[in-house]
Amino acid sequence: GVLVPYINTADEARQAVSCTRYPTAGTRSVYFPQKSMNKGGLLGYAGAANDNIITAMQVETASCIENIEEIAAVPGIDLLFLGQNDLCMSMGLYEKYQFPEMYTSPELKEATDALKAVAKKNGVRILINLACSECRERTYHSEKNRRNDPNRVELNKFCPRCRKHTAHREVR
């Protein structure tokens, strides 16, 4: 898969998705021979690649959050990854809060909630780096909006370090 950083607009997201897909679905260049080609040759790999690539966009700027509804609706986006450090910096939260309080700030919660809502609406998976409300352990945590059941969200309920506190940002 491909993780594309610093996406700010739906047009940038469309261009990024296009670069991950071979023609006629996209604009990814074709080079032959290369190690990624299989026994089926150029069409054996490239022909199946468009159906098998995972395209992720990194949500890490205030502009991205402002445009997240349009970005999440771009066909071909499989995952939205919340880059909290860069997002906090872009939103000016490092200047407003003492570390690590920006991670539990109402502004970041609002941005995270907006991301979660549009991801669910569009059937896009999200990956969020959460902090335990008690021990501040940070861990990658995936919320999977399953395509066959968009109302089902799987959540890791407990902090992997202390095993007792919920790892949700909403818990203070």
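Here the structure is a predicted model, which means the values were calculated and not measured.

Visitor: Please clarify how the overall build of the protein should be interpreted in this entry.
Guide: The helix and strand tally for the protein stands at seven helices and six strands. Counting from the amino terminus, the protein carries its helices and strands in the arrangement β-α-α-β-α-α-β-α-α-α-β-β-β. Out of the 172 residues in the protein, the part that is buried amounts to 40%. The long-range share in the protein, meaning contacts at least 24 apart out of those at least 6 apart in sequence, stands at 55%.

Visitor: Would you explain the packing of aromatic side chains in this entry?
Guide: Aromatic rings considered in pairs are described by the distance between their centres and by the relative angle of their planes. Under the definition given, this model contains one aromatic pair. Where Phe99 meets Tyr103, the ring centres are 5.9 Å apart and the plane angle is 80 degrees; that geometry is what we call edge-to-face. On the accessibility criterion, Tyr103 (5% relative accessible area) is buried.

Visitor: What's the story with the pairing of strand 2 (residues 55-59) in this structure? I'm lost.
Guide: Two faces, one strand: in a regular strand the side chains alternate between the faces of the sheet. Most of strand 2 is tucked away: five of the five residues are buried. Here strand 2 shows a buried face lined by Thr55, Met57 and Val59 and a second buried face lined by Ala56 and Gln58. For strand 1 (residues 2-4) and strand 2, the ladder comprises three bridges, and the chain directions are parallel. The residue bridging Leu3 from the neighbouring strand is Ala56, located in strand 2.

Visitor: Honestly, helix 7 (residues 106-122) in this entry has me stumped. Any pointers?
Guide: Each turn of an α-helix holds 3.6 residues, which means side chains three or four residues apart point in the same direction. Its 17 residues give helix 7 an end-to-end C-alpha distance of 24 Å, which sits within 8% of 24 Å, the value for a rise of 1.5 Å per residue. Taken as a whole, helix 7 has its buried residues at Leu108, Ala111, Thr112, Leu115, Val118 and Ala119. Seen end-on, helix 7 carries its buried residues on one side only, within an arc spanning 135 degrees. Among the exposed residues of helix 7, those oriented more than 90 degrees off its buried face are Pro106, Glu110 and Lys121. The positive-phi residue at the C-terminal boundary of helix 7 is Gly123, with phi of around 65 degrees.

Visitor: What exactly am I supposed to notice about the pattern of salt bridges here?
Guide: Pairs can form between side chains of opposite charge whenever their charged atoms are close. Evaluation of the coordinates by the stated rule reveals four salt bridges. Asp11 is the partner of Arg14 in a salt bridge, and the nearest nitrogen-oxygen pair spans 2.6 Å. Here Arg14 pairs with Asp11, and both are found in helix 1 (residues 10-20), just three residues apart, close to one helical turn. Close ionic contact of Lys96 with Glu107 constitutes a salt bridge, the shortest N to O distance being 2.4 Å. Of this pair, Lys96 sits in helix 6 (residues 93-96) while Glu107 sits in helix 7, placing them eleven residues apart in sequence.

Visitor: Sorry if this is basic, but what is going on with the nonpolar core here?
Guide: Here is a general trend for soluble globular proteins: nonpolar side chains tend to be buried in one another's company. Core analysis: the largest hydrophobic core is formed by 30 residues, its most contacted members being Met57, Val59, Ile68, Ile71, Ile77 and Leu80. Taken together, the elements giving at least two residues each to this core come down to helix 1, strand 2, helix 3 (62-66), helix 4 (68-72), strand 3 (79-82), helix 5 (84-90), helix 7 and strand 4 (125-131). If you tally residues by element for this core, the top one is helix 7, at five residues. Not counting residues within four places of it along the chain, the set of residues in contact with Met57 comprises Leu3, Val4, Ile7, Ala13, Ala16, Val17, Ile77, Leu79, Leu80 and Phe81.

Visitor: Mind showing me how you'd approach the environment of Val124 here?
Guide: Counting through the fold element by element, Val124 comes out in the loop between helix 7 and strand 4. Of the residues examined, Val124 reaches a relative accessible area of 3% and is grouped as buried.

Visitor: Hey, could you run me through the side chain of Asn8 in this one?
Guide: Structurally, Asn8 is set in the loop between strand 1 and helix 1. Taking the relative accessible area as the measure of exposure, Asn8 reaches 12% and is therefore buried. Of the polar contacts made by the side chain of Asn8, one reaches the backbone oxygen of Tyr6; its length is 3.4 Å.

Rules used in this analysis
- Residues numbered from 1 in each chain as written.
- Predicted model: local features only at pLDDT ≥ 70, side-chain atom pairs only at ≥ 80, totals over all residues.
- Heavy atoms only, no water.
- Helix = DSSP H or I, 4+ residues; strand = E, 2+ residues; numbered from the N terminus.
- Buried < 20%, exposed > 50% of the residue type's maximum accessible area, 1.4 Å probe, protein only.
- Contact = heavy atoms within 4.5 Å.
- Phe/Tyr/Trp six-rings, centres within 6.5 Å; stacked < 30°, edge-to-face > 60°.
- Pairing = 2+ DSSP bridges.
- Expected span 1.5 Å × (residues − 1).
- Arc of directions from axis to C-beta.
- Salt bridge = Lys/Arg side-chain N within 4 Å of Asp/Glu carboxyl O.
- Core = buried A, V, L, I, M, F, W, Y, C linked by side-chain atoms within 4.5 Å.
- Polar contact = N/O pair within 3.5 Å; in protein donor to acceptor, adjacent residues only side chain to side chain.

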